[in-house]
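# Understanding the architecture of this molecule
In case you want the letters, here they are:
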Amino acid sequence: VAARHARQRMSIGIDIGSLIKEIALVGETVVELAESDAERFETAEIALLLRGVSEAAAASASAYAGMRNREAAQQAAQHFAFIAHEVRTPLQNARLAANLLASGPTTTFDEGRDQLDRSLTRLSDLVDDALLGARGDGGGEGGLGERMAK
């Protein structure tokens, strides 16, 4: 039940702090009922109910955190795959430029050097953006998303 509750709350965008507050309201309601004149509860009954609320909160928070961790790991793996794919193109272009330079008279030195420089600059930008993303900066203006559009 706790895992289903956590999954449902996570799917609608409720953070873990709000999830815990929501469950704490159940405990507060139990105390309010116990204090009211409408119902009489034994102390042991209240303790049992509050213990159940605490256990539900712990199970729900644990399930929520586990789902968030799995989601974050999946996003990191997808990002890594994306970066690896993006790095291939400038590497292949740099290799092509080096091969053209090595082939001699079929291309000018300046053309090969310019192609190699563009590829290495692109590769450097991709690595910088990946490092910024790993730090949590997201790359900011001029980041990977903008350079990808070029």
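Note that the coordinates shown come from a computational prediction; the quantities given were computed from them, not determined experimentally. (Residues numbered from 1 in each chain as written. Predicted model: local features only at pLDDT ≥ 70, side-chain atom pairs only at ≥ 80, totals over all residues. Heavy atoms only, no water.)

## Examining the pattern of salt bridges
The test is simple: A carboxyl oxygen of Asp or Glu within 4 Å of a side-chain nitrogen of Lys or Arg is what we treat as a salt bridge. Segments assigned H or I by DSSP are reported as helices when at least four residues long, segments assigned E as strands when at least two residues long, and all are numbered from the N terminus. Buried residues are those whose accessible area, probed at 1.4 Å on protein chains only, stays under 20% of the maximum for their type, while exposed residues exceed 50% and partly exposed ones sit between those limits.
With the rule as written, the count across this model stands at 3 salt bridges. Taking the shortest distance from any N to any O, the salt bridge between Glu71 and Arg68 comes out at 2.2 Å. With Glu71 and Arg68 both in helix H3 (residues 43-103), this residue pair falls 3 residues apart, about one helical turn. You can call Arg68 partly exposed: its relative accessible area is 39%. Among the salt bridges present, the one from Glu86 reaches Arg122, with a minimum N-O distance of 3.2 Å. Within this pair, whereas Glu86 is found in helix H3, its partner Arg122 is found in helix H4 (residues 109-135), the two being separated by 36 residues in sequence.

## Comments concerning the nonpolar core
Here is a general trend for soluble globular proteins: nonpolar side chains tend to be buried in one another's company. Quick reminder of the rule: Think of a nonpolar core as a cluster: buried Ala, Val, Leu, Ile, Met, Phe, Trp, Tyr and Cys residues, connected wherever their side-chain atoms sit within 4.5 Å. A contact between two residues is defined here by any heavy atoms of the two lying within 4.5 Å.
In terms of nonpolar packing, the biggest core is built from 9 residues, these being Ala6, Met10, Leu19, Ile23, Val53, Ala57, Ala63, Tyr64 and Met67. Of all elements in the fold, only helix H1 (2-11), helix H2 (16-35) and H3 reach the threshold of two or more residues within this core. Per-element accounting of this core gives the leading share, 5 residues, to H3. Contact partners of Met10, with chain neighbours within four places excluded, come to Tyr64, Met67, Arg68 and Glu71.

## Digging into a nonpolar patch on the surface
Quick reminder of the rule: Within this analysis, patches are made of residues with over 30% relative accessible area and no salt bridge. Like charges are joined at 9 Å or less; nonpolar side chains (Val, Leu, Ile, Met, Phe, Trp, Tyr) at 5 Å or less. Accessible surface area values rest on a Shrake-Rupley calculation with a 1.4 Å probe, where residue burial reflects the displayed protein chains alone.
Residues Leu33, Phe41 and Leu49 make up a contiguous nonpolar surface patch of about 240 Å² in total accessible area. Judged by relative accessible area, Leu49 falls into the partly exposed class, the value being 42%.

## Regarding the side chain of Arg9
The condition that has to hold: Any pair of N or O atoms that falls within 3.5 Å is considered a polar contact. Within protein, one atom must be able to donate a hydrogen and the other to accept it, and sequence-neighbouring residues count only if both atoms are side-chain atoms.
In this structure, Arg9 sits in helix H1. Looking at Arg9, the relative accessible area reads 18%, which means it is buried. Among the polar contacts listed, one links the side chain of Arg9 to the side chain of Gln8, at a separation of 2.7 Å. Ignoring anything within four residues of it in the chain, the contact list for Arg9 reads Ile14, Leu19 and Glu22.

## Topic: the side chain of Ser60
Structurally, Ser60 is set in helix H3. The exposure class of Ser60 is buried, given its relative accessible area of 1%. A distance of 3.3 Å separates a polar atom in the side chain of Ser60 from a polar atom in the side chain of His5. Dropping the residues within four chain positions of it, Ser60 is found in contact with Ala2, His5, Ala6, Leu19 and Ile23.

## Describing H1
Rules: This arc is taken over the directions from the axis of the helix to the C-beta atoms.
Buried residues of H1: Ala6, Arg9 and Met10, and no others. Across the axial projection of H1, the buried residues extend over an arc of 100°, all falling on one side. Opposite its buried face, H1 presents the exposed residues Arg4 and Ser11, each directed more than 90 degrees away. Where H1 is buried, its residues touch H2 and H3.

## Considerations on the packing of H2 against H3
Basically, it comes down to this: To get an axis, fit a line to the C-alpha atoms, keeping to the stretch in contact for a helix; angles then go from 0 to 180 degrees between the N-to-C directions. Roughly parallel means an angle under 35 degrees; roughly antiparallel, over 145; roughly perpendicular, 65 to 115; everything else is oblique.
Contact pair H2 / H3: the axes reach a minimum separation of 10 Å and the direction vectors enclose 170°. Taken as axis vectors, H2 and H3 run roughly antiparallel relative to one another. Note on element contacts: H3 touches H2 through Ile46, Leu49, Leu50, Val53, Ala56, Ala57, Ser60, Ala61, Tyr64 and Ala65, opposite Ile16, Leu19, Ile20, Ile23, Val26, Gly27, Val30, Val31 and Ala34.

## As for the environment of Glu111
Its place among the elements puts Glu111 in helix H4. Of the residues examined, Glu111 reaches a relative accessible area of 49% and is grouped as partly exposed. Residues Glu111 and Ala97, spaced 14 residues apart in sequence, show a C-alpha to C-alpha distance of 8.4 Å.

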